[in-house]
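# Coordinate inspection notes
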Amino acid sequence: MRLRHTTAWVGLTAAALVAVTGCGSEAAKETAEEATKKAAETVTGADKIMAALARATDRTEQLGSAEVSMSTDLGTGAPIAMEGTYSWGDGMAYDVQMDTAAAQMQELQDAPTIQVLLVDGVYYYDVDPQASGPIAGKEWIKVDSSAVFGDSGSQAYKGGGDAGSPTASMKSLKYAGDVENLGAETVNGQRATHYRAVLDENDMGKFKDAYSGEDSMLGAMTGGATTMEMDIWVNDKDLPVRLEQVMGSMSVSMDFAKFGATKDITAPPAAQTADLTEAIKEQNGQ
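The text that follows walks through the structure, step by step, so that each part is easy to find. Bear in mind the structure is a predicted one, so any value in this text is a computation, not a measurement. (Residues numbered from 1 in each chain as written. Predicted model: local features only at pLDDT ≥ 70, side-chain atom pairs only at ≥ 80, totals over all residues. Heavy atoms only, no water.)

### Focus on the overall build of the chain
Within the chain one finds six helices and twelve strands. Per-residue burial over the chain gives 47% buried out of 286 residues. Across the chain, contacts joining residues at least 24 apart in sequence account for 60% of those joining residues at least 6 apart. Here the chain has roughly 13,300 Å² of accessible surface; of this, 47% comes from carbon and sulfur atoms. (Helix = DSSP H or I, 4+ residues; strand = E, 2+ residues; numbered from the N terminus. Buried < 20%, exposed > 50% of the residue type's maximum accessible area, 1.4 Å probe, protein only. Contact = heavy atoms within 4.5 Å. Areas by Shrake-Rupley, 256 points an atom, 1.4 Å probe, with all protein chains shown as cover.)

### Some remarks on the packing of aromatic side chains
Inspection of the entire model under this criterion finds two aromatic pairs. Between Y86 and Y94 the ring centres are 4.9 Å apart and the planes differ by 35°, which places this aromatic pair in the tilted class. Both residues of the pair, Y86 and Y94, belong to the buried class. Here F256 and F259 contribute two aromatic rings whose centre-to-centre distance is 5.4 Å and whose plane-to-plane angle is 15°, an arrangement assigned as stacked. If you follow R242 out to its NZ or CZ, it ends over the ring of W233, 5.9 Å from the centre. (Phe/Tyr/Trp six-rings, centres within 6.5 Å; stacked < 30°, edge-to-face > 60°. Lys NZ or Arg CZ within 6 Å of the ring centre and 35° of its normal.)

### Things to note about the pairing of strand β6 (residues 140-144)
With four of its five residues buried, β6 lies for the most part within the structure. Of the strand pairs in this sheet, β6 and strand β12 (residues 273-275) are connected by three bridges, and their pairing is parallel. If you follow W140 over to β12, its bridge partner there is T273. (Pairing = 2+ DSSP bridges.)

### Quick look at the sheet that holds β12
Across the sheet, which stays open at both edges, the twelve strands sit in the order β7-β8-β9-β10-β11-β1-β2-β3-β4-β5-β6-β12 with mixed pairing between neighbours. In the strand order of this sheet, the two ends are held by β7 (179-187) and β12, each with one partner. With direction set aside, neighbouring strand axes in the sheet form an average angle of 20°. Looking at chain direction, strand β8 (residues 190-199) and strand β9 (residues 228-235) are connected through eight bridges and run antiparallel. By the bridge assignment, L199 is partnered in β9 with M228. (Axes fitted to C-alpha atoms, helices over the stretch in contact; angles between N-to-C directions.)

### Some thoughts on unusual backbone geometry
For D120, which is not a glycine, the phi torsion comes out positive at approximately 50°. You can see D120 is positioned in the loop between β4 (113-119) and β5 (122-126). The residue D238 is not glycine, and still its phi comes out positive at about 60°. Summarising the element assignment, D238 is placed in the loop between β9 and β10 (240-247).

### A look at the pattern of salt bridges
Overall, the coordinates contain five salt bridges when judged by the stated rule. When the shortest N-O distance is used, the salt bridge between E229 and R196 registers 3.8 Å. Taken as a pair, E229 in strand β9 and R196 in strand β8 lie far apart in primary sequence, 33 residues in all. By relative accessible area, which is 26% here, R196 ends up partly exposed. We note a salt bridge from D231 to R196, for which the minimum N-O separation is 2.7 Å. Linking D231 in strand β9 with R196 in strand β8, this pair joins segments that are 35 residues apart in sequence. The buried category is assigned to D231, whose relative accessible area is 4%. Residues participating in the shared-partner salt-bridge network are R196, E229 and D231. (Salt bridge = Lys/Arg side-chain N within 4 Å of Asp/Glu carboxyl O.)

### A look at the nonpolar core
Of all hydrophobic cores here, the largest spans 53 residues; its most connected members are Y86, Y94, M98, Y125, I141 and I232. The biggest single contributor to this core is strand β11 (residues 250-259), with five residues. In terms of nonpolar packing, the next biggest core, distinct from the first, is built from seven residues, A93, V119, V122 and W140 among them. (Core = buried A, V, L, I, M, F, W, Y, C linked by side-chain atoms within 4.5 Å.)

### Examining the environment of P134
Tracing the chain through its elements places P134 in the loop between β5 and β6. Put simply, P134 and A279 are 145 residues apart on the chain and 9.7 Å apart in space, counted from C-alpha to C-alpha. Not counting residues within four places of it along the chain, the set of residues in contact with P134 comprises A274 and L276.

### Side note on the side chain of Q109
Within the fold, Q109 resides in the loop between β3 (93-99) and β4. Since its relative accessible area comes to 9%, Q109 is described here as buried. Among the polar contacts made by the side chain of Q109, one reaches the main-chain amide nitrogen of A111 at a distance of 3.1 Å. For Q109, the contacting residues outside a window of four places in its chain are T100, I114, D126, V127 and D128. (Polar contact = N/O pair within 3.5 Å; in protein donor to acceptor, adjacent residues only side chain to side chain.)

What follows is the structure in structure tokens.
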């Protein structure tokens, strides 16, 4: 049995530096003045973008949860679809239905979708009862996030943190360099402003290990990529309509249908779970 699973919304940290210089003759001075004026206009534009992203981040964080539809493509051209509730009000958690065939889990689940939970940095997969093997008599597979992100990367997902949540990704945008406003677009029937940011390995801080660490399955999935492009569409209520992320061969798209759809997301009873964390690590050479 080979288990494929992805979760890609990881919070990042970023930094940007803008510098303008000019000197020389009268003509050069004039050019420098024009450059300074243009730079000031650019800074003003950047300030507006950052202010808009900060408002969207704060508003999203306040609401604490949302109903989402998500698609992840690992570069195979066969996206894995997920749909359900994401919650980040008290640590990152989700309760979603994932496409069984796309995730290559037909051996464990006959239904077209499989329920997946994320609770305190641990993934749980609702499987059909198995007659034999390591999960015989169990209804759930348990996989710690360290099997996906490595030991260091997974720490950001535990202890009540919001790493992996939409709001964590949005927080990274307000610090990113190379951020631009691509104008108004209609997404899912809503008028929204499209923003784009590019983050490199120097912007990722402690989360770099989650993507490119030696023991990270996700690092292998992205081909060790060190640059990430993020797009976000924000509506007139300062809420995201869509969030997209591209890193190496992996791309993720998340659409938001409803905010504040909070519900309790809890781990299944321990007696009903089979922990395959170490087996997954061995399978992937960790």
